[in-house]
Amino acid sequence: MKIFTVIGARPQFIKSVAISRMIAEQFSDQIQEVVLHTGQHYDQNMSGIFFSELNISPPDYQLDLTGAQNRMVKMKSEIKAAIENESPDVLLVYGDTDSTLAGAQSGDDLGIHVVHVEAGLRSFNDAMPEEHNRVETDKLSTLLFVPTNVGMDNLRDEGFLLENKRPFSKNNPGVLQSGDIMYDNALRFGAIAEKSSDILQKHEIPNEYLLATVHRNYNTDNPERLLEIMNAFLDLAEEGHTIVIPLHPRTKKMMKKTHGTVYDALKQHPKLIELPPVSFLDIISLEKNAQIIITDSGGMQKEAFFFQKPCVILREETEWVELVENGNAILCGADKEKIRSATQKLLSTNDLTYPPFYGNGNAAYFICSEILKLK
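Residues numbered from 1 in each chain as written. Predicted model: local features only at pLDDT ≥ 70, side-chain atom pairs only at ≥ 80, totals over all residues. Heavy atoms only, no water.

**Re the overall build of the protein**
1) Next: Broken down by element type, the protein carries 17 helices and 13 strands.
2) Next: The C-alpha atoms of the protein give 21 Å as radius of gyration, which agrees with the globular expectation for 375 residues (21 Å, within 12%).
3) Next: With the C-alpha coordinates of the protein rotated into their principal frame, the extents come out at 60 × 45 × 40 Å.
4) Next: Counting across all 375 residues of the protein, residues that qualify as buried make up 57%.
5) Next: Restricting the contact set of the protein to residue pairs at least 6 apart, pairs at least 24 apart contribute 74%. (Helix = DSSP H or I, 4+ residues; strand = E, 2+ residues; numbered from the N terminus. Rg over C-alpha atoms; globule rule 2.2 N^0.38 Å. Buried < 20%, exposed > 50% of the residue type's maximum accessible area, 1.4 Å probe, protein only. Contact = heavy atoms within 4.5 Å.)

**Describing the environment of Lys-170**
1) Next: The topology assignment puts Lys-170 in the loop between α6 (149-157) and β7 (174-177).
2) Next: You can call Lys-170 partly exposed: its relative accessible area is 37%.
3) Next: Placed 118 residues apart in sequence, Lys-170 and Ser-52 show a C-alpha to C-alpha distance of 36 Å.
4) Next: Look past the residues within four positions of Lys-170 in its chain and what remains in contact with it is Asp-108, Lys-139, Leu-140, Ser-141 and Thr-142.
5) Next: In terms of polar contacts, Lys-170 uses its side chain to reach the side chain of Asp-108, at 3.2 Å. (Polar contact = N/O pair within 3.5 Å; in protein donor to acceptor, adjacent residues only side chain to side chain.)

**Things to note about the packing of aromatic side chains**
Geometrically, a pair of aromatic rings is defined through the distance of the ring centres and the angle of the planes.
1) Next: Tallied over the entire structure, the rule returns eleven aromatic pairs.
2) Next: Geometrically, the ring pair formed by Phe-305 and Tyr-358 is edge-to-face, given 5.6 Å between the ring centres and 75 degrees between the ring planes. Of this pair, Phe-305 sits in helix α14 (residues 298-306) while Tyr-358 is found in the loop between α16 (336-347) and α17 (363-372), placing the two residues 53 residues apart along the sequence.
3) Next: By relative accessible area, which is 2% here, Tyr-358 ends up buried.
4) Next: Ring geometry for Phe-357 and Tyr-358: centres 6.2 Å apart, planes at 85 degrees, overall edge-to-face.
5) Next: The class for Phe-357 is partly exposed, based on a relative accessible area of 24%. (Phe/Tyr/Trp six-rings, centres within 6.5 Å; stacked < 30°, edge-to-face > 60°.)

**Structural notes on the sheet that holds strand β12 (residues 311-313)**
1) Next: The strand order across the open sheet built from six strands is β10-β9-β8-β11-β12-β13, with neighbouring strands paired in parallel fashion. The open sheet has two edge strands, β10 (272-275) and β13 (329-331), and neither has a second partner. On average, each strand axis in the sheet is tilted by 20 degrees relative to the strand beside it, whichever way the strands run.
2) Next: Bridging between strand β9 (residues 243-246) and β10 involves four bridges; their strand directions are parallel. Along β10, the bridge assignment pairs Ile-243 with Leu-272.
3) Next: Against the sheet, helix α10 (residues 223-238) makes contact with β8 (210-213), β9 and β11 (292-295), and its axis sits at roughly 145 degrees relative to β9, the strand it touches most. (Pairing = 2+ DSSP bridges. Axes fitted to C-alpha atoms, helices over the stretch in contact; angles between N-to-C directions.)

Laid out in structure tokens, this is it:
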């Protein structure tokens, strides 16, 4: 069976590692994978070091969206051309980016089974482009691999029949709870990071610190929201908490452009450690050793849970509602006082539990096994 994988951002590459590794280790005589990177998100860290660190090959197809007047149109056109060249049996997509939807629509247009990993997730915020992408991709999919019970409930509420029987198709989709492939990765790369990452020593990071990341455009591109978050970090630093912030150049640029004085105060504060963008293994090491993680990243919310760290979420909603309901994470948006209060509360909480919401770490094997049954 030939699987054609479409990904468009660095986090999706990381997710796809679990499947690619499983194919290489367990299914190499049954599955061939071809990978296309749309180039939707250009990332300086998509380098040879990135690929060698994760022990994966660069993509077979790399699109260039530079200058495209309509990125979706260009993506779909080039994805279809690559599909016609490869004649795959299955098109595999992850998550909720524009590339996810472009891949799903291209596969559907050409009559190929679409497989969606991370199906069923909902924020119920229709203003988020990601929400539209998730819903539409699920509608086009033959196989929907759902990481959590909540995701299964969401799809049932939308009219999907969870009891559908094979043969599966777009009109008779298979809705399967798989667990989360990021948990597979956390188990593997957490152990590797312990041995290979020296970021704590390199930057002389103390034993107790808060790890913070900000990258969502509704936080970075909104001056009021960005100022609230920056002031929350400054207040926490003033209260004596060391804060480690791997800062993306774009976020740094917006901080300096919109609130230069506050950024300078943060930069000069002895309790704040600003880092450049870090590698995947280094961010895993930082997560594993932090007291608390403060983030607007969906992936880091889960990684915090995997490594049994409380999480302050710089958003008003999350797809991972079970984390909030279980008390492991607190939604704060971009409210300075809520961020400070949630951080203090989680620092003083000693009775958090970490149930197996995301499966047993064998999601990739399950997904590959089920895809093979489409033949």
